Amino acid sequence: TPGSPRRRIDLLAPRPRAAPMKSWLARAGYSTLLRLLTPLYLLRLWWRGRREPLYRQALGERLGFGYAAAAPGALWLHAVSLGETRAAAALIDALRAQRPGLRLLLTHGTATGREAGRALLREGDLQCWLPWDTPGAVRRFLRHHRPAAGVLMETEIWPNLLRVAAAEQVPMVLANARLSEKSQAKGERIGALVRPVASSLAMVLAQTEADARRLRSFGPTRVQVCGNLKFDLSPDPQLLARGLLWRQTLDRPVVLAAVTREGEEMPLLQCWAALEAPRPLLLLVPRHPQRFDEVADMVADSGLKLARRSQWTEQPSDEALAADLWLGDSMGEMPQYYAAADVALLGGSFGRFGGQNLIEAAACGCPVVMGPHTYNFAEAAELSLAAGASLRVADIEEGVSRAVALARDPTRREGVQRALAFAAAHRGAAERMAHEVLGVAGERLP
């Protein structure tokens, strides 16, 4: 009936606007291209499944088929990869605290994200792949699951997904949203495709005021600054305790190269091999698990003595204790690595990758040395610098020099306290975002 609550909520739901011809042509071209690329997309997933078998599971879901029985009215949350899934954990906890009995539909795009997401599920929840962004696939996905509302994490703006969600009257929220200047410039070049769907978002919950300003340029009308969910993540105390125990067994300083990217390891290893003995222990953790063997081969070629984390269980072996370098070839143990280190070199910041999440390092009490490229985490990097929890260098050579000096500094505990204080000072984003998300979902939730 016209006066019913459901009717009032539907009237508030975002609806697609009549797009000008330029936008229509952009969307039509985009959709046609994705349809043509679908066989290559599936082939790529199968290829990646050689090393990560999860990519070969439930392939039908990638095209909007073969889903498990849906629970209509669930809150849908999409966390594409591992980093977004970890951030989503804080939001999910806050949502459940504010709405006991909440049912969750959790989707991902990568194997690491889906694997980490399993730990977030409760009875009545469902997990699946987000479909390829063709109109038919996303329409089948939404009509099968019929979520009360959708939450996309950080930067996940998919044109057809948002357009079909608006047509199906599923209000969408972009949470923990960030947009760098570089990404804004890219978005401007395809503005005819992005602007109409970005404008359909029911709510954007930005990390910083700078992110909010850049996001508003694409048309969303409701944009709020809520902070960064990653400040609300608490490291696993068991992993922290094990990392501290590792540190106590070592009779030398420890430098962590945290979440490194392709092209960063070789210059790092060259700098490390050139250090005079006795060197600190280098703990090297590549971002992508499929590169573990590749990086191990680089270490072997460098002449450094290697020990792999996968070769022991609780405590490092005698061979590991005598090694020059530990390769962190495990998943889900970053708090353990940070706790074992005296200082961390921030991966992704020495190559042009925009940096990595330095908040996790601070929460574990590990000071950070970062390179020049931190545009994906610009405000967090600046806040960390101001708090004395990190320092910035021009290149990897300077980074190694400063990190080794800090690791050997007898007053390094002061950096630990500054890092912990920095992490604690910026909590609260999860509670704020959960309140806004539930406000958008409203009475659609069962």
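Keep in mind the model is a prediction, meaning the values are calculated, not measured.

Chemist: Please explain the confidence of the model for the protein as it appears in this structure.
Modeler: The predicted coordinates should not be examined in detail at positions where pLDDT is low. In this model, the protein carries a mean pLDDT of 93, and residues with pLDDT of at least 70 account for 96%. In the predicted structure, residues 1–18 sits below a pLDDT of 50 and forms 21 contacts with residues beyond four places in sequence or in another chain.

Chemist: Can you walk me through the environment of Ala380 in this structure?
Modeler: With respect to the helices, strands and loops of the structure, Ala380 is situated in helix H16 (residues 378–386). C-alpha of Ala380 to C-alpha of Gln207: the two residues are 173 residues apart in sequence and 9.5 Å apart in space.

Chemist: So what exactly am I meant to see when it comes to unusual backbone geometry here?
Modeler: Note: most peptide bonds trans; most residues except glycine with negative phi. Residue Pro278 follows Ala277 across a cis peptide bond; omega there is 0°. Within the secondary structure layout, Pro278 lies in the loop between helix H11 (265–273) and strand S9 (281–286). One non-glycine residue, Arg146, lies in the positive phi region at around 45°. Along the chain, Arg146 falls in the loop between helix H5 (135–145) and strand S4 (149–153). At Gln169, a position not held by glycine, the phi torsion is positive, near 60°. Turning to its location among the elements, Gln169 is positioned in the loop between helix H6 (159–167) and strand S5 (172–177).

Chemist: Even after reading the chapter, I still don't get the sheet that holds strand S11 (residues 325–327), so can you show me in this structure?
Modeler: Adjacent strands of a sheet form backbone hydrogen bonds with each other and so pair up, either parallel or antiparallel. With parallel pairing, seven strands are arranged side by side in an open sheet as S10-S11-S9-S8-S12-S13-S14. Each end of this open sheet is capped by a strand with a single partner; those strands are strand S10 (306–308) and strand S14 (390–392). Across the sheet, the axes of successive neighbouring strands diverge by a mean angle of 20°, strand direction being ignored. Across the sheet, H11 touches strand S8 (254–260), S9, S11 and strand S12 (343–346), and the angle it forms with S9 is around 175°. Of the strands in this sheet, S9, S10 and S11 touch helix H12 (residues 292–302), which is tilted by about 160° from S10.

So, how was this worked out
Residues numbered from 1 in each chain as written. Predicted model: local features only at pLDDT ≥ 70, side-chain atom pairs only at ≥ 80, totals over all residues. Heavy atoms only, no water. pLDDT = per-residue confidence, 0-100. Contact = heavy atoms within 4.5 Å. Helix = DSSP H or I, 4+ residues; strand = E, 2+ residues; numbered from the N terminus. Pairing = 2+ DSSP bridges. Axes fitted to C-alpha atoms, helices over the stretch in contact; angles between N-to-C directions.

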